[in-house]
Amino acid sequence: MFESSSSNERVPLSEEKQGSVYVQEQTAVDTARGLFYIESYGCQMNFNDSEIVASVLSEVGYQSTQNLYDADLILINTCSIREKAEDTVRKRLQLFKKLKRKKRGMLVGVLGCMAERLKSKFLEDEKLVDLVVGPDAYRDLPRLIERADDGEKGMNVFLSREETYADISPLRLDQNGVTSFISIMRGCDNMCSFCVVPYTRGRERSRDPFTILAEAQDLFANGYREATLLGQNVDSYSWENPETGETVNFAQLLRLVAGVHPDLRVRFSTSHPKDITNEVLETIASHANICKYIHLPVQSGSSRILDMMNRTYDADWYRERIEAIWRIIPDCAISADIITGFCTETEEDHQATLDMIRFAKYSASYMFAYSERPGTLAARKYEDDVPEEIKKRRLSEIIEVQSQSSLQHNQNEIGRTCEVLIECDSKRDDREFKGRNSQNKITIFPKAGSVGPGDYVNVKITHATSATLRGVIVAPSH
Ligand code: SAH
Ligand code: SF4
Ligand code: F3S
């Protein structure tokens, strides 16, 4: 889930092109006051936050544009998870700075995790940004923009214990109209020693279930057929009704959302191995529309490293949770996040990680080289002592073992028929559709009959690579 340093920008940006495209668009700019452009990095929660920002801005009359060069307000919603993520943002800011020089009155704002981590540091360079707004302060954007319009720099990086934006209906940006996200909680109370998120997102808090349910119902009514419930640790979702004192846990929330309609698929991310309960697994097993797919980040296969990472489980505990998934949901696909080259990691620890991939038979993994983040427990306590070349080599070994595992997983599907929700045309060939099955496998197949995005079809799988399944429609599903 959590590494997509993609953005929603549509304009190809080679340095050379920028000037000319900008000049071409300039006449349009004069008539297009109040247009904002937002670019997002990092996890799905951050992308979903951009939709909350879009909603806040549209309330005060701003309109969204997909074209950077049309915008009066450029926002960049940033990620701090690894150094590389921050470097990408820094590069983009340099480009925006050039645009600012050419277009008087245009504002640039930094939102999200980097804004929270670096705070006023962004304001030190006078011409770089006008606004710095942390993840819990988006309601304050209209006021901050007004101040910035008057020439003052605007900053709000206050982290809240309550803010969940529960009442804000996200303005869906750049979506396929079929799949969407619902944030069910914010922040994180775990203290994984490598991780910056608790510092950039603050304390964990759960959103009230009624607004979550209303958002799911609204999505379904608007034609969406899949909702992914988002949180850094969804298994610790817990909401207490202030009137009755009753609590709603994650399994109960899943049941509520699954009850919206049998044709609304429900997914969720991310589960934490220490918190995922059998009640959650049984809930998944007993609901046809809760997808049979669990993202269960392991981080390392070595108990010694897991302890230093402060993950609060060991390799045996993790293996037991995998076995529980297989027992309760036999057709469930499991994926993971893995960090290689954490402080003091030996070849033996590394082998334990490779063994874990083979054991868990992951359908996919998001794999990263450890990147020390300033201020985290690991940065304060341990030396980042695994040389870059070793991190690189271990990462490529991990990728290799994972891709064999993914291929095996996919080849097992050949000959089987699975239900696929059609999302859109395939990127490569518009005579084909792209969708995903319950196990989150991307499935490509030729168009046939009168079905289209938002419909369920049964697809018989004929080919498989480590990344994709291919097949043919055998019948519309329901
Ligand atoms: N809340 C989720 C993950 C959030 S961050 C969870 O606990 O699983 C997404 C992933 O980024 C993490 O699972 C981890 O694999 C990776 N990550 C986080 N900090 C990192 C760092 N300092 N260096 C490299 N990878 C990191
Ligand atoms: Fe980071 Fe750990 Fe929280 Fe995930 S659970 S966001 S890795 S501190
Ligand atoms: Fe997400 Fe990156 Fe922040 S992963 S929570 S945007 S640090």
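If you're wondering where the values come from, they're calculated on a predicted model, not measured in any experiment.

Give a description of the nonpolar core that names residues and reports values.
In terms of nonpolar packing, the biggest core is built from 66 residues, with Leu 229, Phe 250 and Ile 294 touching the most fellow members. Residues Phe 96, Val 110, Ala 115 and Leu 123 belong to the second largest nonpolar core, which totals 26 residues.

I'd like a description of the site of ligand 3, backed by residues and values.
Around ligand 3 sit Cys 43, Asn 46, Thr 78, Cys 79, Ser 80, Ile 81, Cys 113, Val 197, Arg 201 and Gln 232, and that is every residue in its neighbourhood. In terms of residue class, the shell around ligand 3 is made up of five nonpolar, four polar and one charged. Of the domains in this structure, domain 1 (3-156) and domain 2 (179-411) are the two that each give at least three residues to the shell around ligand 3.

Outline the pairing of strand β13 (residues 265-269), supporting the account with residue identities and numerical values.
Counting buried positions along β13 gives five out of five residues, so the element sits mostly inside the fold. Alignment of strand β10 (residues 226-230) against β13, held across five bridges, turns out to be parallel. Residue pairing for β13: Thr 228 is matched across the bridge by Arg 267.

Got a sec to walk through the packing of aromatic side chains? Specific residues and values, please.
One pass over the structure, following the stated rule, counts nine aromatic pairs. Judged by centre distance (6.1 Å) and plane angle (35°), the rings of Tyr 313 and Tyr 318 are tilted. Note on Tyr 313: relative accessible area 5%, which makes it buried. A residue is classified by how much of its surface remains accessible, and Tyr 318, at 0% relative accessible area, is buried. What links up through ring pairs into an aromatic cluster is the set Phe 194, Phe 342, Tyr 370 and Tyr 382. Over the aromatic face of Phe 368 sits the side chain of Arg 82, whose NZ or CZ is 3.7 Å from the ring centroid. A cation over a ring is seen here: Arg 225 above Phe 220, with NZ or CZ 4.0 Å from the ring centre.

Can you break down the packing of helix α11 (residues 315-328) against helix α12 (residues 347-360) residue by residue, with the values?
Where α11 meets α12, the closest approach of the two axes is 11 Å, and the angle between their N-to-C directions is 15°. One finds that α11 runs roughly parallel with respect to α12. For the crossing formed where α11 meets α12, the hand is right-handed. Contact residues: α11 offers Ala 315, Tyr 318, Arg 319, Ile 322, Glu 323 and Trp 326, while α12 offers Met 356, Phe 359 and Ala 360. Classifying every residue of the contact of α11 with α12 by side-chain character gives seven nonpolar, no polar and two charged.

Reading the values: the criteria
- Residues numbered from 1 in each chain as written.
- Chains lettered and ligands numbered in written order.
- Predicted model: local features only at pLDDT ≥ 70, side-chain atom pairs only at ≥ 80, totals over all residues.
- Heavy atoms only, no water.
- Core = buried A, V, L, I, M, F, W, Y, C linked by side-chain atoms within 4.5 Å.
- Buried < 20%, exposed > 50% of the residue type's maximum accessible area, 1.4 Å probe, protein only.
- Near = heavy atom within 4 Å.
- Nonpolar A, V, L, I, M, F, W, Y, C, P; charged D, E, K, R; others polar.
- Domains from an automatic or database assignment.
- Helix = DSSP H or I, 4+ residues; strand = E, 2+ residues; numbered from the N terminus.
- Pairing = 2+ DSSP bridges.
- Phe/Tyr/Trp six-rings, centres within 6.5 Å; stacked < 30°, edge-to-face > 60°.
- Lys NZ or Arg CZ within 6 Å of the ring centre and 35° of its normal.
- Axes fitted to C-alpha atoms, helices over the stretch in contact; angles between N-to-C directions.
- Parallel < 35°, antiparallel > 145°, perpendicular 65-115°, else oblique.
- Left-handed = near helix turned anticlockwise from the far one by under 90°.
- Contact = heavy atoms within 4.5 Å.

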